[in-house]
Amino acid sequence: MTALAAPTGVWRREALTEVKRSLRLPQFLLPTALTPAAFYALFTLALPHPEVPGYAVATLAGYGVFAATGPALFGFGAGVAVEREQGLIELKRVSPMPAGAYVAAKLVAAVTITAFALALIYALAIVAGARLSAGTWVVLAMLHLASAIPFALIGFGMGMRMTAKGAVAIANALFLGFSILGGLWIPSALLPGWMQTLGAFTPSYHLGQIARAILDLPTTGSPWIHGAAVLAMTMVAAAWAWTGWRRSPA
Amino acid sequence: MIDDLAAVARLSGVSKRLGGRLVLDGLDLAIRAGEVTALLGPNGAGKTTSVALLTGRLAPDAGTAQLFGIDPRRPAARRRLGVMLQSAGLPDVLTIRELVTLHAGYYPDPRPLNEVLALAGLGDLADRRCGALSGGQARRVQYALAICGRADLLVLDEPTAAMDRGAARTLWGTVRDLADGGAAVLLTSHDLAEADTLADRVLVMDAGRIVADDTPAALRARAGGSVIRCRTTLVPAVAALLPAVREAGMEGADLRIVSVDAAATVRALLDADAQLEALRIADATLEDAIATLLSPIEERKAA
């Protein structure tokens, strides 16, 4: 009785299929990709704002992170809970697919949708007069895309533990909470003290600060400290996601 | 034991507690290659939990679960396993072709797509999205996913529920062929006619243990011959005292008697109630056999 070797390309095919699935769900794709760009357009372009030079660039830091929270929290948190209730996770679980391929595929799909949202926001920023070097755009885009990872892991842990209804409600609360407390909409410095304190416990706050550092904007404390905080939170989120997968019977 | 040498999947001394209830109680079970094994028993007997342990979705509290000699929770063990679950869903927006191709890709030596679709009777539906399928078609897709990897063990959980009789017969034919080709098949079903048609071996479970392990024919023989049904004023307690009666009870408005000698019982029955109507005599079915097998257990529980 020997175990057979794993076929190659499983992770790649799983990811491509997941992206294909996401693109066929416009009711999920459009709101999650368009909402961040609509917010950015409203607050940076349409509404009156302080005549600070580089305002469009300053707000870009936070809105880019905001663009990553939606697909990750809703695609994973709510999406995984729905898939669990529909028996789709059970279908995967009895198959020889390695568990990691499922998570990685979902992550690729969330990052792909984030990329659409970011492309829209970056285009609006350029229209609003933002001028960055090519290198800065690339580093900023990499950070913004990677921002999806901690939120996706938090969402995955929720999806494995909660009902679809519960997960949608919590995903909404976290979506708003991470955005406001993390200073993604209104700079943290303008928030009341207690909100700033709470904000320090969100990955969004630290990611926003790293994005500001990439854009040469003033940050609170060293970007390395923020990087370490994000890394620590991501590892806790990964443990939360993994235990959720292990303990869920289906 | 020969059992052990040929076993592709095994539960040894397995106990499992779920939600505070002891669902499996020191269960021993072995599935052999080239055989269709039906796992039968009342709801709550532990069939679903046994299948969950063999397919790696649960781990035993005590004892061991083995699939091809290793832990079923390892993907390597599942590369020789094909599963058709009743509780599993299908992704609405993928086509049958896309889904089957994806799943076939999990296996080292998959069956060609067209062969899978033909075996599952899905040839003309390949480009239909899963969300647009009827209940019976969705079950056929689940079957396609179970067989797409040339698995050495097929686990079929209520395979023909929601299928019409024609589709069910076609499926039975292909399952038989796969078993004759050397695959092991584990079948759970509420349809005892299905189990009788398909199974080489029947395991009857009750209260987390195996209470019978035999061929369908041997089990039917154990039930003892015939089932007599009629409309009568006789109550079961009285009917049970008639000659050759093994068991008597009500089935709707009918009195139902299991008899080892139908002629002797019917003669006495007609003597006892001259107004008796609607008399029918049938060979004991697998369902009768299992009801007989489980009834002393029910009494024991009630006592």
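About the cut-offs
Residues numbered from 1 in each chain as written. Chains lettered and ligands numbered in written order. Predicted model: local features only at pLDDT ≥ 70, side-chain atom pairs only at ≥ 80, totals over all residues. Helix = DSSP H or I, 4+ residues; strand = E, 2+ residues; numbered from the N terminus. Buried ≥ 20, exposed ≤ 12 C-beta atoms within 10 Å, placed from the backbone. Contact = placed C-beta atoms within 7 Å. Nonpolar A, V, L, I, M, F, W, Y, C, P; charged D, E, K, R; others polar. Pairing = 2+ DSSP bridges. Axes fitted to C-alpha atoms, helices over the stretch in contact; angles between N-to-C directions. Core = buried A, V, L, I, M, F, W, Y, C linked by C-beta atoms within 7 Å. Domains from an automatic or database assignment. Parallel < 35°, antiparallel > 145°, perpendicular 65-115°, else oblique. Left-handed = near helix turned anticlockwise from the far one by under 90°. pLDDT = per-residue confidence, 0-100.

A. Here's a closer look at the overall build of chain B. Counting its regular elements, chain B contains twelve helices and 13 strands. Counting only C-alpha atoms and orienting by the principal axes, one finds that chain B spans roughly 70 × 45 × 35 Å. The buried share among the 303 residues of chain B stands at 44%.

B. Local environment of the overall build of chain A. Helix and strand counts for chain A come out as eleven helices and zero strands. Beginning at the N terminus, the succession of helices and strands in chain A can be written as α-α-α-α-α-α-α-α-α-α-α. Its C-alpha atoms put chain A at 70 × 35 × 30 Å along the principal axes.

C. Local environment of the interface of chain A and chain B. Each partner contributes residues to the interface: chain A has 25 residues there, and chain B has 27 residues. Mapped onto the side of chain A that touches chain B, the elements with two or more residues apiece are α1 (10-23) and α4 (88-93) of chain A. Its residues assigned to classes, the side of chain A that touches chain B comprises 15 nonpolar, five polar and five charged.

D. Broad picture of the sheet that holds strand β1 (residues 7-18) of chain B. Residue and element names in this part refer to chain B. With respect to topology, three strands assemble into an open sheet ordered β2-β1-β4, the strand pairing being antiparallel. This sheet does not close on itself; its edge strands, each paired only once, are β2 (21-32) and β4 (62-67). Strand-to-strand twist of the sheet, defined as the mean angle between neighbouring strand axes without regard to direction, takes the value 20°. In this structure, β1 lies alongside β4, joined through five bridges in antiparallel fashion. In the strand pairing of β4, Ala 9 is matched with Leu 67. With respect to the sheet, helix α2 (residues 47-54) is in contact with β1, β2 and β4, its orientation differing from that of β1 by roughly 120°.

E. A look at the nonpolar core. B:Ala144, B:Leu153 and B:Val185 are the most contacted members of the largest nonpolar core, which totals 161 residues. When residues in this core are grouped by element, the largest group, 16 residues, is from helix α3 (residues 55-85) of chain A. The two domains that each donate at least three residues to this core are domain 1 (2-215) and domain 2 (225-283) of chain B. Discounting residues that sit within four places of it in the chain, B:Val185 has contacts with B:Val36, B:Thr37, B:Leu154, B:Leu156, B:Val175, B:Leu178 and B:Ala179.

F. Main features of the packing of helix α7 (residues 148-161) of chain A against helix α11 (residues 223-247) of chain A. Residues and elements named next belong to chain A. Viewed as axis vectors pointing N to C, α7 and α11 meet at an angle of 25°, and their least axial separation amounts to 8 Å. Judged on the interaxial angle alone, α11 and α7 are roughly parallel. Between α7 and α11 the crossing geometry is left-handed. For the pair α7 and α11, the contacting residues are Ile 149, Pro 150, Leu 153, Ile 154, Phe 156, Gly 157, Met 160 and Arg 161 in the first and Val 230, Met 233, Thr 234, Ala 237, Ala 238, Trp 240, Ala 241, Gly 244 and Trp 245 in the second. In the contact of α7 with α11, the residues fall into 13 nonpolar, three polar and one charged.

G. Just the domain arrangement of chain B, in detail. Domain boundaries assigned for chain B yield domain 1 (2-215) and domain 2 (225-283). Of note, the centres of domain 1 of chain B and domain 2 of chain B, computed from C-alpha atoms alone, are 39 Å apart.

H. Representation of the confidence of the model for chain B. Residue and element names in this part refer to chain B. Per-residue pLDDT for chain B averages 88, and the proportion of residues at 70 or more is 94%. The secondary structure element of chain B with the lowest average pLDDT is helix α1 (residues 2-6), at 55, and the one with the highest is helix α4 (residues 96-104), at 97. Model confidence for the complex is summarised by a pTM of 0.84, with the ipTM given as 0.86.

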